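Coordinates in review
Listed here are the chains, written in short residue letters.
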Amino acid sequence: MTLFVGISLLFACNNSADNANRNHRLFTSARAAQDYQTAITALSIMANEDSAQYPWAIDSLAFYHFFYLNIPGLVKNPTTALHYCDKGLASNPDNEFLSELKGKLLLSQGKDSMAMEIFTNLWKKNKDYTYLWEITFINLATGKFADCDSAIKMVLGQPDAATKKVRFTHPEVVLQESVDARAAFLFFDALLKNNQGNFIGAAETLGKCLEYAPGFYLAKKGIYEMQQNASGKGAPQ
């Protein structure tokens, strides 16, 4: 009887390992094919059945729901991505990846104060300019223009501004990029000038952004929108 139980347990363990490997292969194959819905299904099974073997599955689920599941014309629902952020942070509160992602998701819900707390803590912890950029964005959005201007001057005055990067995720166009910190914070300067009615200065500053970071999505989008407004066409409806 004991031998039979031992063999049964061994068989069950082998089946479990086979299933985990099968799901991981499915995830890898779906990711390579950019079939993100199938990848998410595989990740969900991996996270629920073998979270110890694949501890990164929760992080990936949070990110995939945030970044890849985007239906054009519809507002993205952040609930599922937030669920996985909270689940991952419950087991590892120091997970900076999930903290950053949660801050972005809270911003998308208009919860500026909660997002500000997350990004402020991350900035104090490791001085990553990505977090200061998010803080500055919140200050700009809430009308704290003096704080925004101070951050711009501080970063542009730092000797490492030419070598440090700011990370961006743009789910609406499924784009990730890492941008020269000078370009990232000059973008805020362009927004401030535009807000003051200095449209020529704003356009020149956006051009400077593209000198530092030729592919900078926000700067390219800003120039396009200014050109559309100048021609009287405005933004497409």
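Up top is the structure.
As a starting point, this report considers the structure included with it.

Reading the values: rules and limits
- Residues numbered from 1 in each chain as written.
- Predicted model: local features only at pLDDT ≥ 70, side-chain atom pairs only at ≥ 80, totals over all residues.
- Heavy atoms only, no water.
- Axes fitted to C-alpha atoms, helices over the stretch in contact; angles between N-to-C directions.
- Helix = DSSP H or I, 4+ residues; strand = E, 2+ residues; numbered from the N terminus.
- Left-handed = near helix turned anticlockwise from the far one by under 90°.
- Contact = heavy atoms within 4.5 Å.
- Nonpolar A, V, L, I, M, F, W, Y, C, P; charged D, E, K, R; others polar.
- Core = buried A, V, L, I, M, F, W, Y, C linked by side-chain atoms within 4.5 Å.
- Buried < 20%, exposed > 50% of the residue type's maximum accessible area, 1.4 Å probe, protein only.
- Pairing = 2+ DSSP bridges.
- 1 Å grid on protein atoms, 1.4 Å probe; cavity = no way out; pocket = protein on both sides within 12 Å on 5 of 7 lines; lining within 4 Å.
- Points joined across faces, edges and corners; volume = space filled by probe spheres on them.

Notes on the packing of helix α8 (residues 145–156) against helix α9 (residues 181–195)
Interaxial distance between α8 and α9 falls to 9 Å at its minimum, and their mutual angle equals 145 degrees. Judged by the sense of rotation from one axis to the other, the crossing of α8 with α9 is left-handed. Residues Phe145, Cys148, Asp149, Ala151, Ile152, Val155 and Leu156 of α8 touch α9, and the partners they reach there are Ala181, Arg182, Phe185, Leu186, Phe188, Asp189, Leu192 and Asn195. Grouping the amino acids of the contact of α8 with α9 by side-chain chemistry returns eleven nonpolar, one polar and three charged.

Details of the nonpolar core
Counting 41 residues, the largest nonpolar core has Phe119, Tyr129, Trp133, Val166, Phe168, Phe185 and Phe216 as the members making the most contacts within it. Elements represented by at least two residues in this core include exactly α5 (96–108), α6 (112–126), α7 (129–141), α8, β1 (165–170), α9, α10 (199–212) and α11 (217–230). Ranked by size, the runner-up nonpolar core spans 27 residues in total, among them Ile40, Ala42, Ala62 and Leu101.

Observations concerning the pairing of β1
Burial of β1 is one-sided: the residues Val166, Phe168 and His170 facing one way are buried, the residues Lys165, Arg167 and Thr169 facing the other way are not. By the bridge criterion, six bridges tie β1 to strand β2 (residues 175–180) in an arrangement that is antiparallel. Bridging from a neighbouring strand, Val166 pairs with Val179 of β2. Counting the residues in the hairpin turn of β1 and β2 gives four residues, including Val174, whose phi is positive at 50 degrees.

Side note on the layout of surface pockets
When its volume is computed, the largest pocket comes out at roughly 930 Å³. The wall of the largest pocket is formed by 33 residues, among which Phe137, Thr169, His170, Glu172 and Leu218 lie closest to the centre. Broken down by secondary-structure element, the contributors of at least two residues to the lining of the largest pocket are α5, α7, β1, α9, α10 and α11. Top contributing element to the lining of the largest pocket by residue count: α11, with six residues. Within the lining of the largest pocket, the residues separate by chemical class into 17 nonpolar, eight polar and eight charged.

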